[in-house]
Amino acid sequence: MGFLAPWFFAGAAALAIPLYLHLLRRHTSNPQPFSSLMFFEARTQSSIRHRRLRYLVLLALRLALMALLVLAFADPFINRPAASVTTNKLLVLVVDNSFSMRAGSRLADAKREALSVLASRPPAERAQIFALGSGLEAMSQPTDDSQSLQNAISAVQPTDARGNFGDLARGLRSFSDSVQGPIDLHFFSDMQKSEMPANFSDLALPAKVSLTLHPVATSNIANWAVESVNAPGQIWDVKKARVQAVIAGYETPAATRTASLVVNGKTVATQKVQVPANGRANVEFTSLNVPYGFSRCAVRIDSADALPADDASYFAVERSDPRQVLFLHEASDRRSPIYFGDALAASAESAFAMESVPADQASSIQPSRYAFIVLSDVASLPSAFENNLDRYIRGGGGVLIAAGTNLGRVSRIPLFGANILNARYYSNDPTGFLTVGDADPSHPSIAKADRWIGAKFYFAVNVDASGSQVAARLTDGTPLLLDKKIGEGRVLLLTSGLDNLTNDFPLHPDFVPFVEQTAFYLSGSERPAGSQLVGSYLQLRTAKERAVSVEVVDPEGRRPLSLQEATTAQTYQLNEAGFYELRLANGRQDVVGVNADRRESDLAVMSRDALSLWAGKPNGSNAPTAANAVPASLQATEKFAPHSLWWYVMLVMLLTVIAESWVANRHLGVRREE
Amino acid sequence: MQRFLDPAVLARISNLDLIAKTVVDGFVAGLHRSPDFGFSQEFAEYRAYSPGDDLRHVDWNVFARTERAYLKRYRGETNSLLTILLDASSSMNYSSHSVSKIDYARFVAASLFYMAIQNQRDAAGLIVFDDEVRNYIRPSTRFGQLHRLLAGLEHAEPRARTDFAKPLHHFQQFLRRRGLVLVLSDFFEPPENVIRTVEPLRFHGNEVVLFHVLDPRELQPQLGEPVVLVDSETSQRMEVTPEYAHNDYRQKIDAHVEELSSRARGAGIDYFLLRTDRPLDSALAEYLTIRQERN
């Protein structure tokens, strides 16, 4: 038995207080009036002896109370075998199940070692199982039930996610706040170097967490992988389609690999590629002959390494006919269809075919036939067509409105709904024109157009921009390009014309990428080329208020969204590598190829020094290895552990307080009665 | 004032039918027989004349027939004189419950005043004393006497200490007429001093009654632990043990009561112990009953 804070015994001097109060201090009692003392005799000695006799019980209780208080502060303890001590220590086992753990038998080794640590813990010790994939996932609740803990470890499955040890430290920091007592953390991982966070300080764990690392891989393993694929998402002309891929080798010797292009499960092209030692090589397939509709494609290599899961990179391609674009203009305007049509034909890989129609002949046209519609300085539309066009936009359609001098004479932009404040003729200015002063490079219509530098604008309609996003402004602040979402669709407003009269933008080189990107943007055909990474998010709908059901089919053919999620989910996280089938809220079908993050393909492990530093053993002598980590931790638990007795002392003190109160109250009660 | 005249108390005393039957001199005026042969109509006896007798009392008819002079004596009905001596020393202020000794004494005195004046037309007076005479209300049957007496009781607040010897000569001075003298006190004096002080009143033909008013805790003190007691008259402090209070004190106070009672009887003085926890009407009824039987 010992005391954790023996210096508190100095407080034993406080025992003098009750001694002084009871024995040294003169007893005072309240005198009581009486009619006459003629029949009384003083019996002082007898009364004092009696009083001391009775108060000794109270004195003893108070002395005991003070002594127990001092004892509690001194924190007595006894040494008991650690195995028999039921402490509030929590054993936390974290198994890495990131993509790299698919290599060889890493995950199986990690689970086996975790089971071994679990079996060696004291029977009464609670434990909890976590898996580290894209984040820290609890596989069980804190419990001392060995069977459920073993089941939780067995339930850890490999994932395609990219792990990050920073997530582990971050999760443990928040987890430890909700746990009382120390945490004994055991981490079973391949200790992949690429999973280290950018800063080593991000690995810092709370002081109450003791970390024991269990590396299941001690050396680097050679691995080849298809690092990236560059392929179009949509194909209108198979002759123009190209597929480029990068083959990477990690810790590999120079070798020749065979790269194959697989379309819908059939290998359509094969190439040999020389991959330098620990380097990269490019491979290009000049034809992508896929059928109409969506095709599931992959670039695959024959690596015969320990991690075959990264030997293929998936991507989906949609082949379709060119989509129709409706271009409405005033009958007198013959210039703008030419400029816009030529720009559209020169770009967009033959994705669109433009149909030019005068506005007064549009009453019988169904807008839903067109990928998007352009209104070139059209001041008025047939009312029936305008109503159809409005429904078309709200249903997800796209419209580009160019405001020339005709619209400058009206008070409101049709469909877009913005009030026209005034029409500005810059030809009267000393310079004769204005240029673009401010442009949002993140807007799709401007991103590839080099901010329209050099384009001269002689005329612009100044509109009220409230409720819309201004993508570009002239140098005087006049909004030049506005983007507005209406329902599921959107409308772009160019406050100048497309006819080369109100500006020279159609003659400018930036006009072609502007038209191309605007066409893809408004038609919704800007589907990403190549593939997505595991862990990234897909946008399922664009407006919260629409309760249209979406559908997601994962690579295993399951529908992971519940009915409620299907009507409310805005996004969906892609968790597995393979092909996802989507039906989005706007009714469009899509197929997405998903690949694991190729940083997981680099199977290089952390150095022993780094591991020792993380585990808090800087000298490296106790650097955990697969062989010695568990016995070392076991050796620690077999020692004697101090078992504090302060709780029992406090319990006895509580009983003493009750007894003291009872005895003291009896004395006071007698006095009150008298 | 009304608190002294509790109708319930007085009604129960009247129901004892003492008014019609008792002849206690002066206690219930009008119907009580006088302790002296006087000059009223009811014949008592003849006595031979002796020199010095008042010739007006000679029965001349008997003298004419017998030539002997006899005095005719009667049991006359006459108003008596009630005087209450109330001890208003500080010790009378003691109480262990809701009624202090001085209050209890006030109740007794007020009840007796009421009976004497309202019911029996007796003259009644009051002397309030401690170590001197603090208030004196001459016995009278005048209208408003009862109110004066009750007011005198009302103002009899305890103070100072009891001293029977000092106001004695005042008692002698005030009590020139014979009658009933009631002394209400706790008599925390040696019994011989009390009797020696009160006995001269008896010599003047007064009937003296001692009402010994004591609190039950004065007779049987109960102490749970040693306490310091303070004498209410002398402010003397004394630490007292429960054992002494339970044993020795009780023996002493009992001996004191017994001695006072026996000495009073020996001096021809009536003695009644009044405990303040005893119902007032019960105590008075007992007193009157005893007096009725005695007479």
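Numbers given for residues are sequential positions, taken from 1 along each chain in its written order. Labels are handed out in written order, letters beginning with A for the chains and numbers beginning with 1 for the ligands. Only residues with pLDDT of at least 70 get local features here, since the model is predicted, and only at 80 or more are side-chain atom pairs given and counted; chain-wide, interface and lining totals rely on the full set of residues.

**Describing the overall build of chain B**
Across its full length, chain B carries 11 helices and 10 strands. Every one of the 295 residues in chain B was classed for burial, and the buried ones make up 41%. Strands are runs of DSSP state E lasting at least two residues, helices are runs of H or I lasting at least four, and both sets are numbered from the N terminus onward. In this scheme the burial state of a residue depends on its C-beta neighbours within 10 Å: 20 or more other such atoms mean buried, 12 or fewer mean exposed, and anything in between means partly exposed; the C-beta positions come from the backbone.

**Looking at helix 7 (residues 383-394) of chain A**
Between the first and last residue of a helix there are one fewer steps than residues, each counted as 1.5 Å, and that sum is the expected span. In this model, helix 7 of chain A (12 residues) spans 17 Å end to end at C-alpha, consistent with the 16 Å of a helix rising 1.5 Å per residue. Residue pairs are scored as contacts if the distance between their C-beta atoms, which are placed from the backbone, is within 7 Å. On the buried face of helix 7 of chain A, the contacting elements are strand 19 (372-376), strand 20 (398-402), strand 25 (479-486) and strand 26 (489-494) of chain A.

**Observations regarding the sheet that holds strand 8 (residues 209-215) of chain A**
Residue and element names in this part refer to chain A. A strand pair is defined by DSSP finding two or more bridges across the two strands. Taken in spatial order, the five strands make up an open sheet running 6-5-4-7-8, and their pairing is mixed. Among the strands making up the open sheet, the edge pair consists of strand 6 (136-138) and strand 8. In this sheet, adjacent strand axes meet at a mean angle of 25 degrees when their direction is disregarded. Note: strand 4 (residues 90-96) against strand 7 (residues 183-189), six bridges, orientation parallel. Residue pairing in the sheet places Val94 in a bridge with Phe187 of strand 7. Angles here are taken between N-to-C directions and fall from 0 to 180 degrees, while the axes themselves are lines fitted to C-alpha atoms, restricted in helices to the stretch in contact. Lying over the sheet, helix 4 (residues 146-154) contacts strand 4 and strand 5 (126-132), oriented at roughly 10 degrees with respect to strand 5.

**Observations concerning the nonpolar core**
For soluble globular proteins, nonpolar side chains are generally found buried alongside one another. The term nonpolar core refers to a group of buried residues, namely Ala, Val, Leu, Ile, Met, Phe, Trp, Tyr and Cys, whose C-beta atoms join them within 7 Å. With 153 residues, the main nonpolar core has A:Leu93, A:Val94, A:Val325, A:Ile401 and A:Leu493 as its most contacted residues. Sorting elements by how many residues they give to this core places helix 9 (residues 511-523) of chain A first, with seven residues. Non-local contacts of A:Val94, meaning those with residues more than four positions away in its chain, are made with A:Phe130, A:Leu132, A:Leu168, A:Leu185, A:Phe187 and A:Phe188. Core analysis: the next-biggest nonpolar cluster, separate from the first, contains 61 residues, B:Ala123, B:Leu210, B:Leu280 and B:Ala283 among them.

**Quick notes on the pairing of strand 9 (residues 237-240) of chain B**
Residue and element names in this part refer to chain B. Relative to strand 9, strand 8 (residues 227-231) runs antiparallel, the two being bridged by four bridges. Following the sheet pairing, Leu229 is matched in strand 9 by Met238. The hairpin turn running from strand 8 into strand 9, its antiparallel successor, is five residues long, and Ser235 in that turn takes a positive phi close to 60 degrees.

**Considerations on the confidence of the model for chain A**
Residue and element names in this part refer to chain A. pLDDT: the predictor's confidence for each residue, scored from 0 to 100. Across chain A, the average pLDDT comes to 83, with 89% of residues at 70 or higher. Within chain A, helix 12 (residues 629-637) has the poorest average pLDDT of any element, 42, and strand 20 the best, 93. Confidence drops under pLDDT 50 across residues 619-638; counting only partners more than four residues distant or on other chains, this segment forms 37 contacts. Here residues 670-674 is a poorly scored stretch, pLDDT under 50, and it has seven contacts once near neighbours within four places are set aside; other chains count.

**Observations regarding helix 4 of chain A**
Among the residues of helix 4 of chain A, A:Leu149, A:Ala152 and A:Ile153 are the ones counted as buried. Down the axis of helix 4 of chain A, the buried side of the element spans an arc of 100 degrees, and every buried residue falls inside it. Here the arc refers to the directions that run from the helix axis out to each C-beta atom.

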